[in-house]
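Given next are the chains, with one letter for each unit.
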Amino acid sequence: MILKGQKRKLPSEDVEVPDQSSPLWESQRQFVFSVSLNKYQRSQELPEPSLRRSVLIANTLRQISLEACRSPPLDQQASEPSCSSTLSPQNNAANRSCCSGEPSVPMTEDEDWGLMATDSDFSLSAAISSILTALDSTVDGSPQAAPRTPLRSLENLSGPSEGGVAMEAGRTSYMDDVTMEDLFQDIDSSQLEKDMGVLGLRSGAGGCSAGNDVIRYLPPLTPPSSHPFSFSAEPLQHCSCTAAAVPQVLVFLTRCYPGTFEPRG
Amino acid sequence: LAAWCFSQVKGAIDEDVAEADIISTVEFNYSGELLATGDKGGRVVIFQHEQESKNRPHLRGEYNVYSTFQSHEPEFDYLKSLEIEEKINKIRWLPQQNAAHFLLSTNDKTIKLWKISERDKRAEGYNLKDEDGRLRDPFRITSLRVPVLMPMDLMVEASPRRIFANAHTYHINSISVNSDHETYLSADDLRINLWHLEITDRSFNIVDIKPANMEELTEVITAAECHPHQCNVFVYSSSKGTIRLCDMRAAALCDRHSKFFEEPEDPSSRSFFSEIISSISDVKFSHSGRYMMTRDYLSVKVWDLNMENRPVETYQVHEYLRSKLCSLYENDCIFDKFECCWNGSDSAIMTGSYNNFFRMFDRNTRRDITLEASRESSKPRATLKPRKVSTGGKRKKDEISVDSLDFNKKILHTAWHPKENVIAVAATNNLYIFQDKIN
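Residues numbered from 1 in each chain as written. Chains lettered and ligands numbered in written order. Predicted model: local features only at pLDDT ≥ 70, side-chain atom pairs only at ≥ 80, totals over all residues. Heavy atoms only, no water.

> What's the story with the overall build of chain A in this structure? I'm lost.
Counting its regular elements, chain A contains eleven helices and zero strands. The order of helices and strands in chain A, counted from the N terminus, is α-α-α-α-α-α-α-α-α-α-α. Just so you have it, chain A exposes about 12,400 Å², and 58% of that area is on carbon and sulfur atoms. (Helix = DSSP H or I, 4+ residues; strand = E, 2+ residues; numbered from the N terminus. Areas by Shrake-Rupley, 256 points an atom, 1.4 Å probe, with all protein chains shown as cover.)

> Sorry, what's going on with the confidence of the model for chain B here?
Regions with low pLDDT should not have their predicted coordinates read in detail. Of the residues in chain B, 97% have a pLDDT of 70 or more, and the chain-wide mean is 93. Interface confidence in the predicted complex, given as ipTM, is 0.91; pTM for the same model is 0.71. (pLDDT = per-residue confidence, 0-100.)

> Explain the sheet that holds strand 30 (residues 413-416) of chain B here, please?
In any sheet, the strands associate via hydrogen bonds between backbone groups, in a parallel or an antiparallel arrangement. Residue and element names in this part refer to chain B. Taken together, four strands build an open sheet; the order of strands is 1-32-31-30 and the sheet is antiparallel. In the strand order of this sheet, the two ends are held by strand 1 (4-10) and strand 30, each with one partner. Neighbour-to-neighbour, the strand axes of this sheet turn through a mean angle of 20°, independent of strand direction. The pairing of strand 31 (residues 422-427) with strand 32 (residues 430-436) spans six bridges and is classified as antiparallel. (Pairing = 2+ DSSP bridges. Axes fitted to C-alpha atoms, helices over the stretch in contact; angles between N-to-C directions.)

> Teacher, can you tell me more about the side chain of Glu399(B) here?
Residue and element names in this part refer to chain B. Note on placement: Glu399 falls in the loop between strand 28 (389-390) and strand 29 (400-401). The exposure class of Glu399 is buried, given its relative accessible area of 12%. Once residues lying within four places of it in the same chain are set aside, the contact partners of Glu399 are Lys388, Ser390 and Lys394. (Buried < 20%, exposed > 50% of the residue type's maximum accessible area, 1.4 Å probe, protein only. Contact = heavy atoms within 4.5 Å.)

> Hey, could you run me through the pairing of strand 23 (residues 313-316) of chain B in this one?
Consecutive side chains of a regular strand alternate in pointing toward one face of the sheet and then the other. All names here are of chain B. Here strand 23 shows a clear split, with Glu313 and Tyr315 buried on one side and none of Thr314 and Gln316 buried on the other. For strand 22 (residues 299-304) and strand 23, the ladder comprises four bridges, and the chain directions are antiparallel. Bridged to Lys301 within strand 23 is Thr314.

> Any chance you could explain the pattern of salt bridges here in plain terms?
Think of it this way: side chains of opposite charge can pair up when their charged atoms draw near. Following the criterion strictly, the structure yields 31 salt bridges over all chains and no others. A salt bridge links Glu26(A) to Arg29(A); its shortest N-O distance comes to 2.7 Å. Here the residue Glu26(A) and the residue Arg29(A) both occupy positions in helix 1 (residues 23-45), the gap between them amounting to three residues, near one helical turn. No difference in accessibility class separates Glu26(A) from Arg29(A), as the two residues are buried. A cluster of three or more residues bridged by salt bridges with shared partners is formed by Asp130(B), Asp132(B), Arg134(B) and Arg136(B). (Salt bridge = Lys/Arg side-chain N within 4 Å of Asp/Glu carboxyl O.)

> Looking at this model, I keep getting lost on the packing of aromatic side chains. Mind explaining?
A ring pair, where both rings are aromatic, is described by two values, the distance of the centres and the angle of the planes. Residue and element names in this part refer to chain B. The final tally for this structure, using the stated rule, is 20 aromatic pairs over all chains. Here Phe69 and Trp114 contribute two aromatic rings whose centre-to-centre distance is 4.4 Å and whose plane-to-plane angle is 40°, an arrangement assigned as tilted. Of the two residues, Phe69 sits in strand 5 (residues 63-70) while Trp114 sits in strand 10 (residues 111-124), which places them 45 residues apart along the sequence. With relative accessibility at 5%, the residue Trp114 sits in the buried group. Aromatic pair Tyr184 and Trp195: ring centres 6.1 Å apart, planes at 5°, arrangement stacked. Of this pair, Tyr184 sits in strand 13 (residues 183-187) while Trp195 sits in strand 14 (residues 191-196), and the two are eleven residues apart along the sequence. Accessibility expressed as a relative area gives 0% for Tyr184, which makes it buried. (Phe/Tyr/Trp six-rings, centres within 6.5 Å; stacked < 30°, edge-to-face > 60°.)

Following this line, the structure appears as structure tokens:
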């Protein structure tokens, strides 16, 4: 938030570029994606985030990832299945337009996406999809069946509220975090060693939180480089989860969820 | 549009604004005699319009403090380990039916009905107690007398008459009194409830958009209002820029709308922020009941209730911000919720912007004006100078450039007197009252 009295300096490149074929659009997309992710993570740390704000940010993230999902023709077949399978079913038009091939925006960018087509695009879209699935599950409460471990002292209790006809019995919290169990289940050291960390940390709902801090390190996608995963390697080393590195993950967790490892109450 | 001049400003002048003093809602009552404000500290301040003095008939009377009371206190929800803010989200007056005034005030979770009454007489000459209140010995009473009402200094008392609690899981964003004067609705992010003013222990849920699986949630309710004349009709707006009109006669649960208002998106202006800026922050019926007005981030739209596919009028509030949406998203300003209001005759509408600017649009002449609520232009009866934001490269002398706008100074809440050209504008912790120039 701007400090009181301080006039905000707007970045010079801050122009809306509807033309999706330009690199400016791509860099803005990445910027908005990382800002959105950041905002979303931060709001999750609040005790009671604004539902409207969270929904709008989550929708923006989804829209960005879906537009990223419209991969170059080279990877078209490969990436679309991953797009539709990892995203939870949604009713919004953006989702329908992406995965059913009926875009709500002109798809002129396809040809130009081809110019940037590399393996890194494919893995990025898979990563975004998997991250979004995690976000979906944390947006407003995990499914009722999600297991809860006793270590989660910050966990919101669900319970019937008193009152009249309009009461909602049962779940009252809508911003639950992922569970420890999910997290540890997803840590697969062999896969991680292959994938250099973040992206392989989780595949299903819930475990994304291990990468909370790591995801913040995710820089915007740089132009194609020789390595298929062109991310800065340094922060990821913290995250390579060999058995010896599990304590590192716990460090992240204590930072993300300060009350997790303390006795209840 | 009339020429507007400064009338009064209420609130501290300090640069250092206490968070609790930030005004969060402003509302005139039905006659315009009373003006209520609510703040983040849970207080309600009511101003009353003084009669014009005979000495200075060319001035309209001023608004002076009539009553101040603490409406809501911070609470703690023990089940969820969450603090419930005492900030007053909305105040709505009830139509006056007797000497007392009634209003509804709400925070995120609890709605309260307050009675504001005057006491200007007191009884003297009780039989069982002395003038200073001490009980008299009944054996010493030899004769009976009838107590007499004597005048006293005016005292205005506010007392909570009803507390409507425990009906909202999510944060209440709107309350609206029905035209039957017996019921009212309250809306949170996912549900709308209908209450009877006399009954506090239950309410009817009339809209519920909570999905069975919260993972599928993509849209929330942002505002709701009862139709001013048809007590069976209400509307609610959403974060996706849609408005649904519902008829309570059709079904007990109004999940299915009677009318659905949405403007098709202009594909040429599509951006990453299209959905966020389409989110409606306020919806208000016109006094006539024929139109409704919605406010989204960049514009105000007037809708004819008989035409669902597009608004009949669109007014750009601050189009120069469209190229700055990325930064405004980054600093969270894009989530600011601006309100809007009609004038008494529905010929003009008003809404706020940044830099303490507010905008008025004349629906007949299509003229618009930008004014500023600032201490600098706060000389008594000084005419407000129209302001302009320069959008091109060249900035004219009195214009201000977009980059110089202060995004901390936002005018979210404004109100227009129901009968006269008097407006109340809330600028952070200050309440400005402006009126049109009278000869």
